[in-house]
Amino acid sequence: MSMGGNIWTERFTMAFRIVTFIVITAIISGCRYANTRVENDAPGTCKAIYADADYISYRTSEWLDNEDAVHGIDHVEVWTVSQRTGKRLKAEDIIPASRRTQVLDGMQKAITVKLDGNLLRPVFLTDNCCIAADGVHFVFNEYVIAPFLEGVVEAVVGQDGKISVSQYGNTPKFAE
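Because the structure is a prediction, the values reported are computed rather than measured. (Residues numbered from 1 in each chain as written. Predicted model: local features only at pLDDT ≥ 70, side-chain atom pairs only at ≥ 80, totals over all residues. Heavy atoms only, no water.)

**Here's the deal with the overall build of the chain**
Note the following rule: For the purposes of this entry, the term helix denotes a DSSP run of H or I that reaches at least four residues, the term strand denotes a run of E that reaches at least two, and both are numbered from the N terminus. Relative accessibility thresholds used throughout: buried, under 20% of the residue-type maximum; exposed, over 50%; partly exposed, between the two (1.4 Å probe, protein chains only). Contacts are assigned to residue pairs that have any heavy atoms within 4.5 Å of one another. Using a 1.4 Å probe, the Shrake-Rupley method yields the accessible areas, and only the shown protein chains count as cover for residues.
Within the chain, the regular secondary structure consists of three helices and eight strands. Shown N-terminal to C-terminal, the secondary structure of the chain runs as helices and strands in the order α-β-β-β-β-α-α-β-β-β-β. Within the span of the chain, comprising 176 residues, buried residues form 40% of the whole. Sequence-distant contacts in the chain: of pairs separated by 6 or more residues, those separated by 24 or more amount to 50%. Accessible surface for the chain amounts to roughly 9800 Å². Of this, 56% is attributable to carbon and sulfur atoms.

**A closer look at the layout of surface pockets**
We count it as follows: In this analysis a 1.4 Å probe is tested at points of a 1 Å grid over the protein atoms alone, and where it fits but cannot get out there is a cavity; an open set with protein on both sides within 12 Å along at least five of seven lines is a pocket; lining residues have an atom within 4 Å of a point. Grid points are joined across faces, edges and corners, and a volume is the space filled by probe spheres set on the points. Gly is put with the polar residues, along with every residue not named as nonpolar or charged; the nonpolar set is Ala, Val, Leu, Ile, Met, Phe, Trp, Tyr, Cys and Pro, and the charged set is Asp, Glu, Lys and Arg.
Put simply, the second largest pocket is a space of about 180 Å³. Every element with two or more residues in the lining of the second largest pocket is listed here: helix H2 (91–94) and strand S6 (135–140). Considering only residue class, the lining of the second largest pocket consists of six nonpolar, three polar and two charged.

**Regarding the pattern of salt bridges**
Short version of the rule: Here, a salt bridge means any side-chain nitrogen of Lys or Arg that lies within 4 Å of a carboxyl oxygen of Asp or Glu.
Under the definition given, this model contains three salt bridges. A salt bridge links Glu77 to Arg88, with the shortest nitrogen-to-oxygen separation between them at 2.7 Å. Remark: Arg88 occurs in the loop between strand S4 (73–82) and H2 and Glu77 occurs in strand S4; sequence separation between them is eleven residues. Across the pair Lys87 and Asp93 runs a salt bridge, and its minimum N-O distance is 3.4 Å.

**Let's talk about helix H3 (residues 97–114)**
For an α-helix, the turn length of 3.6 residues means that residues three or four places apart are oriented alike. Keep this limit in mind: Expected helix span is taken as 1.5 Å per residue step, with the number of steps being one fewer than the number of residues. The arc in question is formed by the directions pointing from the helix axis toward the C-beta atoms.
Taking 1.5 Å of rise per residue, 18 residues should cover 26 Å, and H3 covers 26 Å from first to last C-alpha, within 8% of that figure. When H3 is considered as a whole, its buried residues turn out to be Val103, Met107 and Ile111. The arc enclosing the buried residues of H3, seen along the axis, measures out at 55°, which places them on a common side. More than 90 degrees from the buried face of H3, the exposed residues found are Ser98, Thr101, Gln102, Lys109 and Val113. After H3 finishes, the residue Asp116 shows a positive phi value of roughly 55°.

What follows is the structure in structure tokens.
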């Protein structure tokens, strides 16, 4: 097997361990089930969504059904790992200090408009972020910045600085 094959095997193993930890933690903390899914993938999968010579980014999506709560919640986790160091990057590693205020202000405005002002708290540079082909994705799960009804909120800061916002989830707002 080539060196490249070993590196990808190690990264997949690391991602699988992280997802397994998330699922076990959810079950132990009282969830009846944790269904980890990404775009109709089989439960328990973690999907690599972007890779280049410098970075590899992952995404998991799960539905946590807590029997002690009124309803379950969608939970999406994204992250980027440096190919050079193996370090999981945080928002401060991805967005330079000189651009943070501009990015944060732009995200606050774009998300406020998209959610028609229905926020629980101000937007912040969450470490639930990743690098992708279309820019940097910041994912806010239900109740992090907005009520359950707003679902998962994802802001993408493009290479050109433009910010797009999308919402999705299993909330009544998205029921057909």
